[in-house]
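These are the residues of each chain, in order.
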Amino acid sequence: MSALLKEIRHNPLLWLLGFVPVVFATSKFKPEAHTLLFVLSVLAIVPLAALLSHATESVAAKTGDAVGGLLNATLGNLTELVIALTALRAGQYMLVKASIAGAIVTNSLFMLGASFLLGGFKYHVQEFNRVSARLQAGLLFLATIALLIPSAISKADPVAGAAITQKLSVGLAVLLTVAYGLGMLFSLKTHRELFASAQHGDDAGEAPWPIGLALATLAGVTLLVALVSEVFVESVQKAAESFGMTPAFVGFIVVALVGGAAEMASAFSGARKNRLDLSVGIALGSAAQIALFVAPVLVLASYFIGPTPMDLQFWPGAVVMIFLATLTASLVTNSGRSTWFVGVLVLMVYAIFAMTLYLLPPRSQ
């Protein structure tokens, strides 16, 4: 505990942890103050994300960057899952689908591009394991195909498409989950030697936390992030109206950025320490996990907690953005090397998507 308290004392960002109890108190006594709750929940998630980042890096120092990246992606995606389940119970399927698509695009473009940019400012050229990046990009491409098929069928034959979309979505959800499980078996068990880090990184002067403290912090902070995220999703729609943001922009950009705050903190920190394998593993691994695990889980969960079953039919614009994000990530990670300008190019693609959604939101389904 002394190591944890020392970190909080010496890191001004962690002083924002005081907003965590304030969020819970405000949500209890002033639940109608949506704009205030939105701002407070964002301020509370930021220091929790920083704490989660430090704990994950300590675990990665013991287990290696491949396992560390997977662990961070899994814990970080719990936030997206909680946000999506909350919206699912309320029947806000447009917000659920927008948050899924937005999380995939944000992780594979914004998180990856910003990691390249931040790392490139400090190091002339950075290297990472391109085999791992290719695997995650391949899984993302598989998910893009699965999302494209229901949309294509519904456009080609609306009558027949409506009849089979639901059954097809359940079948695709099962297939994607199996593919994700086999991918984890391949990378962590049968061919784990192919996914070793390209570099050891620069950790001089920073001793990792003991593994017990790191795991306990991961568990506690993840729970707090999930609880604060529930307050966030309940207030975000009303707050968005007061800020003049469209529902599509909220789901695709705002929810995705806040939901991925914990992962982004770890990815950016890893890039600045020349541990780009950890950054790329978090960014692409999280995107693949959202597409191949979280989305199928939501489809299956909708049969139990949603007012009606949810399908995997996304609006065409979302599928196009996911496809272009996957293609961009594949192109920039193919060489296994990165510079700051590569990060700029990737961020420009994300900025184009964000600007388009802000000005021209997709039609509600």
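These remarks concern the structure in this document. Please read all numbers here as calculations on a predicted model, not as lab measurements. (Residues numbered from 1 in each chain as written. Predicted model: local features only at pLDDT ≥ 70, side-chain atom pairs only at ≥ 80, totals over all residues. Heavy atoms only, no water.)

1. Comments concerning the packing of helix α9 (residues 247-259) against helix α10 (residues 261-272)
Definition in use: Orientation is described by lines fitted to C-alpha atoms, with helices fitted over the stretch in contact, and by angles between N-to-C directions that extend from 0 to 180 degrees. Think of it this way: any DSSP run of H or I at least four residues long counts as a helix, any run of E at least two long counts as a strand, and we number them from the N terminus. When checking whether two residues touch, look at their non-hydrogen atoms; a contact exists if any pair is within 4.5 Å. Each residue is assigned to one class: nonpolar for Ala, Val, Leu, Ile, Met, Phe, Trp, Tyr, Cys and Pro, charged for Asp, Glu, Lys and Arg, and polar for all the others, Gly among them.
Running from amino to carboxyl end, α9 crosses α10 at an angle of 65°, the nearest separation of the two axes being 5 Å. Only A261, E263 and M264 of α10 make contact with α9, whose side of the interface consists of A256, L257, V258 and G259. Partitioning the contact of α9 with α10 into residue classes produces 5 nonpolar, 1 polar and 1 charged.

2. Points about unusual backbone geometry
Where we set the bar: A simple rule labels every residue: compare its accessible area, found with a 1.4 Å probe on the protein chains alone, to the largest value its type can have, and call it buried under 20%, exposed over 50%, or partly exposed in between.
For N274, which is not glycine, the phi torsion reads 65° and is therefore positive. Relative to the helices and strands, N274 is located in the loop between α10 and α11 (276-305). For N274, a relative accessible area of 13% puts it in the buried group.

3. Let's talk about the side chain of Q136
Tracing the sequence through the fold places Q136 in helix α6 (residues 130-156). Excluding residues that lie within four positions of it along the chain, Q136 makes contacts with L284, G285 and A288.

4. Notes on helix α13 (residues 340-359)
Applicable threshold: Given a helix with a known number of residues, its expected span is that number minus one, times 1.5 Å. When we speak of the arc, we mean the arc of directions from the helix axis to the C-beta atoms.
For α13, with 20 residues, the first-to-last C-alpha span of 29 Å sits near the 28 Å given by 1.5 Å per residue. Residues of α13 that are buried: G343, V346, L347, Y350, F353, A354 and L357. Seen along its axis, α13 keeps its buried residues to an arc of 110°; they face one direction. Facing away from the buried side of α13 by more than 90 degrees, the exposed set consists of M348, I352, M355 and L359. Structurally, α13 contributes buried residues whose contacts are with α5 (93-122), α9 and α12 (316-333).

5. Structural notes on the pattern of salt bridges
Pairing between side chains becomes possible if they bear opposite charge and their charged atoms approach one another. Rules: One speaks of a salt bridge when a side-chain nitrogen belonging to Lys or Arg is within 4 Å of a carboxyl oxygen belonging to Asp or Glu.
Per the counting criterion, the structure on display carries 2 salt bridges. With a closest N to O distance of 2.8 Å, D311 and K97 form a salt bridge. Placement of D311 in the loop between α11 and α12 and of K97 in helix α5 is noted, with a sequence separation of 214 residues between them. The same class applies to D311 as to K97, namely buried. The partner of E127 in a salt bridge is R337, and the shortest N-O contact between them spans 3.8 Å.

6. A look at the packing of aromatic side chains
The criterion, for reference: The rule is short: rings of Phe, Tyr and Trp, with Trp giving its six-membered ring, pair when the centres are within 6.5 Å, and they are stacked under 30 degrees, edge-to-face over 60, tilted in between.
Applying the stated criterion across every chain yields a total of 9 aromatic pairs. Ring geometry for F110 versus Y350: centroids 5.4 Å apart, planes at 45°, classification tilted. Here Y350 lies in helix α13 and F110 lies in helix α5, a separation of 240 residues in the sequence. Among the residues examined, F110 registers a relative accessible area of 23% and is labelled partly exposed. Residue classification places Y350 among the buried residues on the basis of a relative accessible area of 7%. Residues F249 and Y358 carry aromatic rings whose centres are separated by 5.1 Å and whose planes lie at 80° to one another, so their mutual orientation is edge-to-face. Placement of F249 in helix α9 and of Y358 in helix α13 is noted, with a sequence separation of 109 residues between them. Its relative accessible area of 38% is what places Y358 among the partly exposed residues. Ring pairing ties together the aromatic residues F110, F268 and Y350, which thus form one cluster.

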